[in-house]
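# Results of the structural survey
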Amino acid sequence: MNILVGISAVPDTTTKISFVENNTKFNTEGVQFIINPYDELALTKALEITEAQGGEVTIITVGDASVEPVMRKALAIGAQKAIRVNTVAKDGMHAAQCIKDAIAGQSYDLILTGRESIDYNGGQVAGILSEMLDMSLINVVTSIEVNDGKVTAVRDIDGGRETVEASLPCVLSAQKELCEPRIPNMRGIMQARMKPLEVVEPSVDYSATNYDSYELPAEKGSVKLIEANNAEELIDLLRTEKKLI
Amino acid sequence: MVFVLVESEEGKIKKYSQEALTYGADLAAATGSSCAAIAIGEDTDTSDLGNYGADKVYHVTGSGLEAFSPGGYATAVADVVSNNGGNYVIVSGSYTGKSVAPKAAVKLNAALATGVVAMTDGNSIRKTCFSNKAFSKVSMSGDVKVITVVPNSYEIKSYDKAGSVESVSTDVGSSVKTKSISIDKVKGKIPLTEAELVVSAGRGLKGPENWGMIEELADVLGAATACSKPVSDMDWRPHSEHVGQTGITIKPNLYIAVGISGAIQHLAGVSSSKVICVINTDPEAPFFKAADYGIVGDAFEIVPKLLARAKELKAS
Ligand SMILES: Cc1cc2nc3c(=O)[nH]c(=O)nc-3n(C[C@H](O)[C@H](O)[C@H](O)COP(=O)(O)OP(=O)(O)OC[C@H]3O[C@@H](n4cnc5c(N)ncnc54)[C@H](O)[C@@H]3O)c2cc1C
């Protein structure tokens, strides 16, 4: 069982987001980058599957050299090897195209990604890759089982869950509840330094979208406080002022 | 032409698809074009789509479309769009839409933007990024643009359009690569992602046994229930209720947060809610800074009062 896991490096969840260059660029100063939390689940699940059934986990990241510490962390968690496509992805389509080209000629039974990255929140790469590589897709999954060349997964649907079966190779994207993310141990961290991290150049530099500018959400006006002994008033205000109930 | 994929449940058009249709109709008006709905499957009621903004409806049925599959649906959508000169494909950011849009975009060689909350003009959109901590204006190039619209971002308008239905029969069997084994719908509850009103609670409630009043308040208001991450991590509540940066992102009209501190990761998932009410014993809780209404007080005293008032109003 060979599994490819897409890993993206994203700002730590506590990051206070700000922009520079006239609000056209994300301000990375002082920002700590982490493995995208959903990708961490995808990686852990991939390791669980290969530990039970044999095989190898390769991680792939589209990014410049600054993402390597995050990739090393993924290797420390247990992936066997890593591929970095040396460019900054412009959007999901660009990232997926880079991944597709970088793995040309290799074969994977499963490709796992997070259900979205917490920076650009695209949620695109799994779907695009499945289409480009003509693989089956099960998106936003909370459970994965692989047996006899088939994968059975539970995916979130609107208002519930669906159990879906697909033949291999298959692309799946990880949702919370899939597994508990692993924390690298000392041995893993030592070994990670020696594991292969291959750098490949991108074959495309094209994207059909451009992030022109950014803005922060409008500040909330100050909160209207209601006395605790008069709490019922909240319900009245929601009804009369906001017409919500 | 602008195409909008509409989803339905038990024959009825989903609210988020009505929103997507409004988006499509607005976009068609802004670009001097017309708006067509794509409805898939036998049991979709296509009769109202003109009122929601569709000039025309393509009702696609056939082999491979008996049940949802990302491949089958994406092929059906892409075929209709390319056979009829589509320039835009609008899809709701539902779970179905999120599976279909990327695949359809590849098939159509299109630009793809997801998480869209507003249209700026025909060539650019406004989308969420950094999990709702920011927004970006994104310009899109190319002949075909695929856009997924975040549910509850667009106010539904009513139209008086023809909505004439053209039946399309097709066979997308070879694109179907997944098989649905079973579907487990949450019964008798409003799905969190579709809820307009949400009552949410955190660790301040001390234990799962105290959720009765939260569920009751939600029930009386017609709201869905949600929770903070530690609450679902401790299995006080199901994971499907966890909202925030690493849970579900929601955008209801009303979010009532009880005993939740308002950590940055929690706020990321809920801060787009239109009205936020916070109930917390700690006047310094960060959540008050993001709130429209606040009550500093003990949930175990406040929530029963709210409940009593809501019941009173409901009865009258
Ligand atoms: C990588 C990462 C991702 C995360 N993602 C998320 C996420 O997606 N969603 C999320 O929610 N969190 C997330 N968190 C956790 C987040 O940082 C907070 O720890 C969490 O939101 C706190 O939950 P809470 O407010 O329920 O609990 P607490 O922080 O313990 O707050 C409890 C609150 O209840 C109040 N309180 C206590 N008793 C009462 C009472 N009787 N009546 C009224 N109020 C009372 C307290 O004053 C306090 O403000 C994430 C953390 C990390 C590190």
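The structure contained in this document is the topic of the report that follows. (Residues numbered from 1 in each chain as written. Chains lettered and ligands numbered in written order. Predicted model: local features only at pLDDT ≥ 70, side-chain atom pairs only at ≥ 80, totals over all residues. Heavy atoms only, no water.)

### Quick word on the packing of helix H1 (residues 37-53) of chain A against helix H2 (residues 68-77) of chain A
Residues and elements named next belong to chain A. Contact geometry of H1 with H2 gives a least axis separation of 10 Å together with a crossing angle of 30°. Between H1 and H2, the interaxial angle falls into the category roughly parallel. The handedness of the crossing between H1 and H2 comes out as right-handed. Where H1 approaches H2, its residues Glu40, Leu43 and Leu47 are matched on the opposing element by Lys73, Ala74 and Ile77. A per-class count over the contact of H1 with H2 returns 4 nonpolar, no polar and 2 charged. (Axes fitted to C-alpha atoms, helices over the stretch in contact; angles between N-to-C directions. Helix = DSSP H or I, 4+ residues; strand = E, 2+ residues; numbered from the N terminus. Parallel < 35°, antiparallel > 145°, perpendicular 65-115°, else oblique. Left-handed = near helix turned anticlockwise from the far one by under 90°. Contact = heavy atoms within 4.5 Å. Nonpolar A, V, L, I, M, F, W, Y, C, P; charged D, E, K, R; others polar.)

### As for the pairing of strand S4 (residues 35-40) of chain B
In regular strands, side chains alternate between the two faces of the sheet. Residue and element names in this part refer to chain B. Taken across its 6 residues, S4 has 6 buried, putting it largely inside the fold. The two faces of S4 match: Cys35, Ala37 and Ala39 on one face and Ala36, Ile38 and Ile40 on the other face are all buried. Across 5 bridges, strand S1 (residues 2-6) lies against S4 in parallel orientation. Across the sheet, the residue bridging to Phe3 is Ala36, located in S4. (Buried < 20%, exposed > 50% of the residue type's maximum accessible area, 1.4 Å probe, protein only. Pairing = 2+ DSSP bridges.)

### Some words on the side chain of Glu162(A)
Along the chain, Glu162(A) falls in strand S11 (residues 160-167). Residue class for Glu162(A) comes out buried when judged on its relative accessible area of 4%. If we ignore the near neighbours within four places in the chain, the residues touching Glu162(A) are Ala153(A), Val154(A), Arg155(A), Ile157(A), Ser180(B), Ser182(B) and Ile183(B).

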